[in-house]
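What the coordinates show
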Amino acid sequence: MGRRVLVLDGGVSERLAELVAQSCGSGLHPLLWSSALLHPEGIPGAPTDVIQTVHREFLEAGSDIITTVSYQGTLPGFRAAGLATTDAEAGALLRRAVTEATAALDLHAGRRTCTAASSSVERSSSSSSRRHPALSYAETIGPSSAVSIGPYGAFLHDGSEYRGDYTASDADLRAHHQSTVDALLGGVNDPDAAGTVLAFETVPVLREATVLAEMMRDCYPSTPFWISFQCGPNAQTAAGEELSDCCAELVRICGPFTAVAAARARDSAPSAATLLGVGVNCCAPDAALQAVRAIKAALPSSLEVLVAPNSGEVFCAKDKTWAFAAEEPGDSGPGTKPIAEWAEQYAGAGATIIGGCCRVTPADITAIRKRLATVTSAE
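These figures come from a predicted structure and were not determined experimentally.

Glancing now at the packing of aromatic side chains. The geometry of an aromatic ring pair is captured by two quantities: the separation of the ring centres and the angle between the planes. For the structure on display, the rule yields 5 aromatic pairs. Their ring planes at 85° and their centres at 5.4 Å tell us that Y152 and Y166 sit as a pair that is edge-to-face. Linking Y152 in helix α7 (residues 152-156) with Y166 in the loop between α7 and α8 (170-185), this pair joins segments that are 14 residues apart in sequence. Of the two residues, Y152 and Y166, neither departs from the other in class, the shared state being buried. Relative to F225, the ring of F200 has its centre 6.1 Å away and its plane inclined at 75°; by these criteria the two rings are edge-to-face. Here F200, found in strand β4 (residues 198-203), pairs with F225, found in strand β5 (residues 225-229); they are 25 residues apart in sequence, far enough to count as distant. For the residue pair F200 and F225, the accessibility class agrees, reading buried in each case. The rings of Y152, F155 and Y166 are connected pair by pair, giving a single aromatic cluster. The ring of W342 carries the charged tip of K337 above its face, separated from the ring centre by 4.0 Å.

Quick look at the structure:
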């Protein structure tokens, strides 16, 4: 029997943009997007509770896991935007993303913080669970959160998260990501980090994914994480690498998650990392289905297969609008299929965590939740 499919949230930043525009007529920050809302004056006039409002909308829609508003946030990014003058100030802003998500979860269900809940599940969950305690909580008790961390290209703000053509060295990539993770989690091997799930999203190239996996193995072996690639057609990364090869390399570096490996990582020198799964996000729905099939075939069964595609609409840079790419008016091509129908196909192909990215609304998540109510992922 397959696992119950967990439902992620959708396009959080776009929903935030809608509410900010309605309230004060402003758009999101040009460099930090929704992460600017972590500063009280990041977007002047924005409602102070808007982050929690959107988190709660997705929770009420049926999300098992919400992602923090930290994707675009980095220490140098906050400084460059003039919202922080020191790394300490920027780190405090990053950590507020976790606080906001936790507060939304508390308000949604009157539950304890994610870290306390994860620790409780680790002590009390049945040994038959094949999932990490942080995911077992979302599966059996109630919603939880994951800390969203964007790729290096998101910091550059030049579109390279959709190409992967970085000029930075591996050492520079690692230093960049290490500063973000250190700020979010409080330092190397902080024991409180063991219950926090990190979601590295929209990674365009294996080189960056390898840097992330090695960093987690070396510095945070007990902190669970997943890596989600930005992909194109034919089950390839944005840089054109085979996703099956990427999965093999990440498993080689990290090893598949097991309770024994996780305990060893906490108690000894790092020899493995707590890789929860591999997936794709911010891609076309049909490309995502190809990717899920390739990832499922390449990963050990103990790992999660994640997918969070865009709605199927295509962004027109000239008009700055979104539209389905139908050949004729009224044509029901691949792009116009409701995202909930795609979700059922993803589960059938082996996806175990399913959500959405750009243009995927709380209403879409409700439809996905209903569609997957009696569905388990394929073994």
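Once the structure has been displayed, the description carries forward.
Structurally, T202 can be placed in strand β4. Each C-alpha atom, one on T202 and one on I227, is 8.3 Å from the other, the two residues being 25 residues apart in sequence. The residues touching T202, leaving out its near neighbours within four places in the chain, are Y71, P151, E161, Y162, S228, F229, Q230, N281 and C282.

Here we come to the packing of α8 against helix α9 (residues 206-219). For the pair α8 and α9, the least separation of the axes is 10 Å and the interaxial angle reads 55°. By the angle between their axes, α8 is oblique relative to α9. The way α8 lies across α9 gives a crossing that is right-handed. Every residue of α9 that contacts α8 at D170, L173, R174, H177, Q178 and V181 is listed here: R207, E208, V211, L212, E214, M215, D218 and C219.

What follows deals with the nonpolar core. Grouped together as the largest cluster of nonpolar side chains are 84 residues, with contacts concentrated most on F200, F229 and V280. Ignoring anything within four residues of it in the chain, the contact list for V280 reads S228, F229, C231, L243, A288, A291, I295, L306, V307 and A308.

Here the focus is unusual backbone geometry. Non-glycine residue N234 carries a positive phi angle of around 65°. Topologically, N234 is positioned in the loop between β5 and α10 (243-254). What makes N234 exposed here is its relative accessible area of 51%. Here R359, not a glycine, exhibits a phi torsion of approximately 70°, which is positive. Along the chain, the position of R359 falls in the loop between β10 (353-354) and α14 (362-371).

Conventions used here
Residues numbered from 1 in each chain as written. Predicted model: local features only at pLDDT ≥ 70, side-chain atom pairs only at ≥ 80, totals over all residues. Heavy atoms only, no water. Phe/Tyr/Trp six-rings, centres within 6.5 Å; stacked < 30°, edge-to-face > 60°. Helix = DSSP H or I, 4+ residues; strand = E, 2+ residues; numbered from the N terminus. Buried < 20%, exposed > 50% of the residue type's maximum accessible area, 1.4 Å probe, protein only. Lys NZ or Arg CZ within 6 Å of the ring centre and 35° of its normal. Contact = heavy atoms within 4.5 Å. Axes fitted to C-alpha atoms, helices over the stretch in contact; angles between N-to-C directions. Parallel < 35°, antiparallel > 145°, perpendicular 65-115°, else oblique. Left-handed = near helix turned anticlockwise from the far one by under 90°. Core = buried A, V, L, I, M, F, W, Y, C linked by side-chain atoms within 4.5 Å.

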